[in-house]
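Working through the structure, step by step
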Amino acid sequence: MTRTGIGIRTAQASHERMVGQIHVYDGAGKGKSQAALGVVLRSIGLGINMPQQSRVLLLRFLKGPARDYEEDAAIEALQRGFPHLIDQVRTGRAEFFGPDEITRFDRQEAQRGWDVAKGAIASGLYSVVVLDELNPVLDLGLLSVDDVVRTLKHKPEHLEAIATGRSAPSELLAIADLHSEMKAHYHPTAAERGITGIEIYTGSGKGKSTSALGKALQAIGKGISQDKSHRVLIMQWLKGGSGYTEDAAIAALRQSYPNLVDHQRCGGDAIVWRGQQKEIDYVEAERGWEIARSAIASGLYKTIILDELNPTVDLELLSVQPIVEALLRKPKDTEVIITGRCQEIPDYFDLASIHSDVFCHKHYANQGVELKRGVDF
């Protein structure tokens, strides 16, 4: 008998991989850079209580300092909270340009960034190197694809290398251990009704919850730059029990930013099988929704993450209509981020101003590679 189950495996697995992987996040949808920052946060959270803490390099191509970007606030929060762990280098000019507008400066800046990246990769000092917007740099021909591929293939064994941006070349995808494509979906209902501040990340690929963690960092960073309290609620369904590395990451953030992050979980420490839901599954799901509904209505939070809400609804543990009503009544300055895969698209998707379907082209777990604490769970 084939059983369909939805649940999140905890960090209590007996084996985990030690070899770092090559991650590629591409596509036209939103969430690529956020997913990379989510992996960074998880890595830092794991390293807080380790003898040798995880150092991270954020190498940002095509993002010169003369312009502000959404992830700037998230990176500021990371740097202020963990200044000894986060290194950032930005290269390029501050405006968009096409293949017919490439200048000598663009090539020099791309090469400068890649020289920094190659040195960092060779040094062995970093546990994570994020190559943000590397994909379009390669697509524009600003760097040698062969050189990049060769360097990544010979990276230190422990290093996690993450490349983001649209139009990843086939040569890079061929050596990637993980490839998630963010596919953008547009909902005219949201635009017609002027509904903003609702983001949904769904699909079978890796990057949904990690994108949400990136949004949490962004909210905290905005509060820092604007001298305001940007409180964040992270509400997680189907993640009962203990041992999730998000817990360590969130705890680390709360050490640096007291009273800014609230974290609630509900559900059992087991997969919920479709057609075999237990009474406790319904009770726990409803308990989580009551907390979330109250938070949405209160206006006390600038960002509310409803992690794994989609599969909870898909399993019919929660009704759709109360969620629609709560989202329609949310304060305009409250952002709600909803994550998780689902088979049937619920009505509240029509309210999303941003909807990315994270499609899994390749995942190392499907090749028999063990998951790694602090990166995968």
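Residues numbered from 1 in each chain as written. Predicted model: local features only at pLDDT ≥ 70, side-chain atom pairs only at ≥ 80, totals over all residues. Heavy atoms only, no water.

**Points about the sheet that holds strand β6 (residues 160–164)**
Pairing in this open sheet of 12 strands is mixed, and the strands run β4-β3-β5-β6-β2-β7-β14-β8-β13-β12-β9-β10 from one edge to the other. Each of the sheet's edge strands pairs with one partner strand only, and the pair in question is β4 (86–90) and β10 (261–265). Each strand of the sheet is rotated relative to its neighbour by a mean of 15°, with strand direction disregarded. Sheet analysis places strand β3 (residues 56–60) next to strand β5 (residues 128–132), joined by 5 bridges and oriented parallel. Bridging across to β5, Leu59 finds its partner in Leu131. Lying on the sheet, helix α2 (residues 71–81) is in contact with β3, β4 and β5; it crosses β4 at an angle near 145°. (Pairing = 2+ DSSP bridges. Helix = DSSP H or I, 4+ residues; strand = E, 2+ residues; numbered from the N terminus. Axes fitted to C-alpha atoms, helices over the stretch in contact; angles between N-to-C directions. Contact = heavy atoms within 4.5 Å.)

**Description of the packing of helix α3 (residues 104–123) against helix α5 (residues 145–153)**
The N-to-C vectors of α3 and α5 enclose an angle of 15°; their axes lie 10 Å apart at closest approach. Classified by the angle their axes make, α3 and α5 are roughly parallel. For the pair α3 and α5, the sense of crossing is left-handed. Facing Trp114, Lys118 and Ile121 of α3, the residues of α5 in contact are Asp147, Val148, Thr151 and Leu152. (Parallel < 35°, antiparallel > 145°, perpendicular 65-115°, else oblique. Left-handed = near helix turned anticlockwise from the far one by under 90°.)

**What about the nonpolar core?**
Core analysis: the biggest nonpolar cluster contains 40 residues, and Val40, Leu58, Leu78, Ile86, Ile220 and Ile234 have the highest contact counts within it. Those elements that place two or more of their residues in this core are α1 (32–47), β3, α2, β5, β7 (178–185), α8 (208–226), β9 (232–236) and α9 (245–256). For this core, the leading source of residues is α1, giving 7 residues. Residues within four places of Ile234 in sequence aside, it is in contact with Leu213, Ala216, Ile250, Val261, Asp262, His263, Gln264 and Ile305. Counting 34 residues, the second largest nonpolar core, distinct from the first, contains Val313, Leu315, Ile338 and Ala352. (Core = buried A, V, L, I, M, F, W, Y, C linked by side-chain atoms within 4.5 Å. Buried < 20%, exposed > 50% of the residue type's maximum accessible area, 1.4 Å probe, protein only.)

**A word on unusual backbone geometry**
The backbone of Glu133 shows a phi angle near 65°, a positive value even though the residue is not glycine. Structurally, Glu133 is set in the loop between β5 and α4 (134–139). Accessibility expressed as a relative area gives 17% for Glu133, which makes it buried. If you check the backbone angles, Leu238 has positive phi at about 60° while not being a glycine. You can see Leu238 is positioned in the loop between β9 and α9.

**Observations concerning the pattern of salt bridges**
Scanning the model with the defined rule gives 22 salt bridges in all. Glu133 is the partner of Lys63 in a salt bridge, and the nearest nitrogen-oxygen pair spans 3.6 Å. Of this pair, Lys63 sits in the loop between β3 and α2 while Glu133 is found in the loop between β5 and α4, placing the two residues 70 residues apart along the sequence. Like Glu133, Lys63 is buried. Three or more residues are tied together by salt bridges with common partners; here these are Arg60, Lys63, Glu71, Asp72, Arg90, Asp132 and Glu133. (Salt bridge = Lys/Arg side-chain N within 4 Å of Asp/Glu carboxyl O.)

**Considering the pairing of β9**
For β9, the tally of buried residues reaches 5 of 5 residues, placing the bulk of the element in the interior. One ladder, built from 5 bridges, connects β9 with β10; its direction is parallel. When the bridges of β10 are listed, Met235 appears paired with Gln264. Here β9 runs beside strand β12 (residues 303–307); their pairing, made up of 5 bridges, is parallel. Residue pairing across strands places Gln236 opposite Asp307, the latter belonging to β12.

**Considerations on helix α10 (residues 279–298)**
With 20 residues, α10 ought to run about 28 Å at 1.5 Å a step, and its terminal C-alpha atoms sit 29 Å apart, in line with that. Where α10 is buried, its residues touch β9, β11 (272–273), β12, α11 (309–314) and α12 (320–328). Once α10 ends, the next one or two residues include Gly299, with phi positive near 75°. (Expected span 1.5 Å × (residues − 1).)

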